[in-house]
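# Architecture and fold: a report
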Amino acid sequence: MNNIEKTLSIIKPDAVERNLENEIKEMFKINGFNILKEKKVQIEKSEAEKFYKIHQTKPFYNDLCEYLSSGPIVAMVLEKENAILANRDLMGATNPGNAKEGTIRKKYGISIDKNSVHGSDSIENAKIEIDFFFKD
Ligand code: UDP
Ligand code: MG
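Below, the structure is looked at part by part. (Residues numbered from 1 in each chain as written. Chains lettered and ligands numbered in written order. Predicted model: local features only at pLDDT ≥ 70, side-chain atom pairs only at ≥ 80, totals over all residues. Heavy atoms only, no water.)

### Points about the pairing of strand β3 (residues 73-81)
- Counting buried positions over the nine residues of β3 gives seven, a clear majority of the element.
- Summarising the sheet, strand β1 (residues 4-11) and β3 pair through eight bridges and their orientation is antiparallel. When the bridges of β3 are listed, I4 appears paired with E81. (Buried < 20%, exposed > 50% of the residue type's maximum accessible area, 1.4 Å probe, protein only. Helix = DSSP H or I, 4+ residues; strand = E, 2+ residues; numbered from the N terminus. Pairing = 2+ DSSP bridges.)

### Points about the environment of V41
- Among the secondary structure elements, V41 is positioned in strand β2 (residues 34-41).
- Given a relative accessible area of 22%, V41 falls into the partly exposed group.
- Along the primary structure V41 and I112 are separated by 71 residues, whereas in three dimensions their C-alpha atoms are 22 Å apart.

### A word on the site of ligand 1
- If you check the shell around ligand 1, you find K12, H55, F60, L64, R88, T94, R105, I112, D113 and N115 and nothing else.
- Here an oxygen atom of ligand 1 and a backbone polar atom of I112 are 3.5 Å apart.
- Note that an oxygen atom of ligand 1 is positioned 3.3 Å from one of the backbone N or O atoms of D113.
- A total of 500 Å² of accessible area belongs to ligand 1 in isolation, and the protein chains cover 79% of it.
- Taking a 2 Å distance to the grid points as the criterion, the majority of the atoms of ligand 1 fall inside the largest pocket.
- Of the residues belonging to the shell around ligand 1, the class tally is three nonpolar, three polar and four charged. (Near = heavy atom within 4 Å. Polar contact = N/O pair within 3.5 Å; in protein donor to acceptor, adjacent residues only side chain to side chain. Areas by Shrake-Rupley, 256 points an atom, 1.4 Å probe, with all protein chains shown as cover. 1 Å grid on protein atoms, 1.4 Å probe; cavity = no way out; pocket = protein on both sides within 12 Å on 5 of 7 lines; lining within 4 Å. Sits in = over half its atoms within 2 Å of the grid points. Nonpolar A, V, L, I, M, F, W, Y, C, P; charged D, E, K, R; others polar.)

### Quick notes on the side chain of N125
- Tracing the sequence through the fold places N125 in helix α7 (residues 123-134).
- Note on N125: relative accessible area 17%, which makes it buried.
- At 2.7 Å, the side chain of N125 and the side chain of D121 are in polar contact.
- When residues no more than four places from it in sequence are discounted, the contact partners of N125 are I54 and S120. (Contact = heavy atoms within 4.5 Å.)

### What to know about helix α5 (residues 83-91)
- Of all the residues in α5, the buried ones are A83, I84, A86, N87, L90 and M91. For α5, the buried positions fall inside an angular range of 165° around the axis, keeping them on one side. With respect to the buried face of α5, the exposed residues turned more than 90 degrees away are L85 and D89.
- Summarising the contacts, the buried residues of α5 are in contact with β1, α2 (21-30), β3, α6 (104-108), β4 (117-119) and α7.
- Directly after α5, the chain includes G92, whose backbone phi takes a positive value near 90°. (Arc of directions from axis to C-beta.)

### Some details on the sheet that holds β4
- Read from one edge to the other, the open sheet built from four strands follows the order β2-β3-β1-β4, with strand pairing classed as antiparallel. Where the open sheet ends on each side, the last strands, each with one partner, are β2 and β4. Across the sheet, the mean angle separating the axes of adjacent strands is 20° when strand polarity is ignored.
- Each of β1, β3 and β4 is contacted by α5, which is oriented at about 35° to β1, the strand it contacts most.
- Where α7 meets the sheet, it contacts β1, β2, β3 and β4, and its direction lies at approximately 55° from that of β1. (Axes fitted to C-alpha atoms, helices over the stretch in contact; angles between N-to-C directions.)

### Some details on helix α4 (residues 61-68)
- Buried within α4 are the following residues: Y61, L64, C65, Y67 and L68. Along the axis of α4, the buried positions cluster into a sector of 160°, meaning they face one direction only.
- Against α1 (13-17), α3 (45-51) and β3 lie the buried residues of α4.

Here is the structure:
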């Protein structure tokens, strides 16, 4: 049965800074994702805090929000069959050191905090996160 989903992907500041935007988008396309929408923005720390609210009790929350707001990012709506899980697979483990060969984080991630990409982790969060960047 076909189950076309949309998910939110972000190319994070470490990757935009290293001009990896096109290479990473190419990886999505090669892996069958359609990039339905995209925009390059720099967000305020207060917006990053809202985006990552789910992590507000974690010790890394403040640094994470500083980091996501530290430079331009590229937010994208990706579409594919089972896009949410497929994107998590393509991204690889949160810590690039644990990410499998062929994943974006294995290829481009620098460290657990500078891991190049974000991807929604559930249907519910995908909706919330897509709205966060693309609700007009
Ligand atoms: N993060 C971090 N230190 C940690 C765990 C996570 O800096 O110990 C950052 C990292 O950038 C990660 C983000 O917080 O991508 C969100 O964490 P999550 O566990 O949701 O990982 P993800 O869903 O991005 O794989
Ligand atoms: Mg997550």
